[in-house]
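Descriptive structure summary
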Amino acid sequence: MSNIHPLDTRKSQSGEIDAILRNLMGIQGVSAAAIVDNDGFVTHIQRDSEINTDAIGASVQVVFGAAARAAQHVGHHATNMVICENAEGFILSTPVEAGFMLALVTQRDALLGRVRFELKETIPVLKKLFSHYLTH
Amino acid sequence: MPQIQKTDYQIAQQQILDGIISGEFDIENRRDLGPMIPIRLFQALRMVALGSNVEDILGQGAPSLVYHSGQSLGLAMGQLAAANIDKDLETYVGKIKLLCRQLSIGLVVPDRVDLNAGVLELRVDECVSCAGIHNVSAPICHFEAGMVGGIVKTFFNRNVKATETKCNALGDKTCLIRVDLI
Ligand SMILES: [Zn+2]
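Bear in mind the structure is a predicted one, so any value in this text is a computation, not a measurement.

Observations concerning the interface of chain A and chain B
The interface of chain A with chain B comprises 21 residues on the first partner and 30 residues on the second. Here chain A packs against chain B, burying approximately 2100 Å² in sum over the two surfaces, 57% of which is carbon and sulfur. Across the chain A-chain B interface, the total number found is three salt bridges. Note that Lys161(B) and Asp39(A) form a salt bridge whose closest N and O atoms lie 3.0 Å from each other. One can count nine residue pairs in polar contact (both at pLDDT 80 or more) joining chain A with chain B. With ten residues, helix 3 (residues 53–73) of chain A is the largest single contributor of residues to the side of chain A that touches chain B.

Observations concerning the packing of helix 3 (residues 62–82) of chain B against helix 5 (residues 142–156) of chain B
Residue and element names in this part refer to chain B. Orientation of helix 3 relative to helix 5, taken along the N-to-C sense of each, is 40°, at an axis distance of 6 Å. By the angle class used here, helix 3 and helix 5 are oblique. Helix-helix and strand crossings are classified by hand; for helix 3 and helix 5 the assignment is right-handed. Where helix 3 abuts helix 5, its residues Pro63, Val66, Tyr67, Ser69, Gly70, Gln71, Leu73, Gly74, Leu75, Met77, Gly78 and Gln79 lie against His142, Phe143, Ala145, Gly146, Met147, Gly150, Ile151, Lys153 and Thr154. Considered class by class, the residues forming the contact of helix 3 with helix 5 number ten nonpolar, ten polar and one charged.

Some remarks on the side chain of Arg46(B)
Residue and element names in this part refer to chain B. Mapped onto the elements, Arg46 comes out in helix 2 (residues 39–58). No salt bridge is formed by the buried Arg46; its nearest oppositely charged neighbour, Glu144, is found at 4.2 Å. Ignoring sequence-local partners within four residues, the contact set of Arg46 consists of Gly51, Val66, Ser129, Ile140, Cys141, His142, Phe143 and Glu144.

Quick word on the side chain of Asp180(B)
Residues and elements named next belong to chain B. Inspection of the secondary structure assignment puts Asp180 in strand 4 (residues 175–181). In this structure Asp180 comes out as buried when scored by relative accessible area, which is 15%. A polar atom in the side chain of Asp180 sits 2.9 Å from the side chain of Arg178. The residues contacting Asp180, other than those within four sequence positions of it, are Gly118, Val119, Asn159, Val160 and Lys161.

Quick word on the environment of Ala70(A)
Residue and element names in this part refer to chain A. Inspection of the secondary structure puts Ala70 in helix 3. Relative accessible area serves as the criterion here: at 43%, Ala70 is assigned to the partly exposed category. As for Ala70 and Ala19, which are separated by 51 residues in sequence, their C-alpha atoms are 34 Å apart.

Quick word on the sheet that holds strand 4 of chain B
Two orientations exist for strands paired in a sheet by backbone hydrogen bonds: parallel and antiparallel. All names here are of chain B. Taken in spatial order, the four strands line up as 1-2-4-3 in an open sheet, and their pairing is antiparallel. In this open sheet, the two edge strands, each paired with only one partner strand, are strand 1 (107–114) and strand 3 (160–166). Direction aside, neighbouring strands of the sheet carry axes that sit 20° apart on average. Looking at chain direction, strand 3 and strand 4 are connected through six bridges and run antiparallel. Considered in strand 4, the bridge of Lys161 is made with Asp180.

Definitions and limits used
- Residues numbered from 1 in each chain as written.
- Chains lettered and ligands numbered in written order.
- Predicted model: local features only at pLDDT ≥ 70, side-chain atom pairs only at ≥ 80, totals over all residues.
- Heavy atoms only, no water.
- Contact = heavy atoms within 4.5 Å.
- Buried area = accessible area lost by both parts, 1.4 Å probe.
- Salt bridge = Lys/Arg side-chain N within 4 Å of Asp/Glu carboxyl O.
- Polar contact = N/O pair within 3.5 Å; in protein donor to acceptor, adjacent residues only side chain to side chain.
- Helix = DSSP H or I, 4+ residues; strand = E, 2+ residues; numbered from the N terminus.
- Axes fitted to C-alpha atoms, helices over the stretch in contact; angles between N-to-C directions.
- Parallel < 35°, antiparallel > 145°, perpendicular 65-115°, else oblique.
- Left-handed = near helix turned anticlockwise from the far one by under 90°.
- Nonpolar A, V, L, I, M, F, W, Y, C, P; charged D, E, K, R; others polar.
- Buried < 20%, exposed > 50% of the residue type's maximum accessible area, 1.4 Å probe, protein only.
- Lys, Arg positive; Asp, Glu negative; His and termini not counted.
- Pairing = 2+ DSSP bridges.

Take it as geometry only, folks, not as evidence of what the structure does.
Now the structure itself:
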């Protein structure tokens, strides 16, 4: 189903990823920012309140996977972002590298365009970091 | 407070886990056929229903679902094994080995336990999911990895990440699961 791309945990814990997530938390309305691996495991997280990381990690991967599959059925082949709009806010998820995902949770007062823009700016930075962290 | 109603799957899950915990393998409504099933039927459920079919719908989300499912079973098994053992790791592992043998999941053998480094490696010999499967390109026992992760997580009460690093279906003769305590 998937090839193994384990994170070099020592290198990846060096704080650079956490710094990026903290930066994203600075955007208005963002209440959690997380990196999820291809098994749905949350490798890094910054959050305002308690979250069941096991459940959210798996859900983020499942929702993104299902949305990308649905997109394929209508001839869309490169899914860059999945946005889940809820009464209380949004969940946005974006692929990083080798099955890893960046997920953001926002409150209702977040400006979606701003969050999307920042997310898109962040992905290339994360991709570059991950290319160092992934042990091939 | 609104009462949370269990879904039918949750009701069935409870009965199945209760059956495992009771250690009673006999089962009603199977007077002729009994409690055992051919391993290929289990593999059809695991690799088709919870494998390629899930992958058809969820794409890259499939391994997460499978891992999460295995972890749920591992957490339940862990709770069962952790009862009345006074946090003794050796007794815990012994009970898990016995349970995995009774359920025919596989023969669990601790390969490396380095608590200082926060790493445990457990072999699953004769793994039920991938026995008789060959020529895959990567380890395919995400369910067992999740299960072992759940078992270790219960004992240490820590976040863990379990990864299958060797797989019988890759030609490794055993499945090796590495668990990192986070
Ligand atoms: Zn295997």
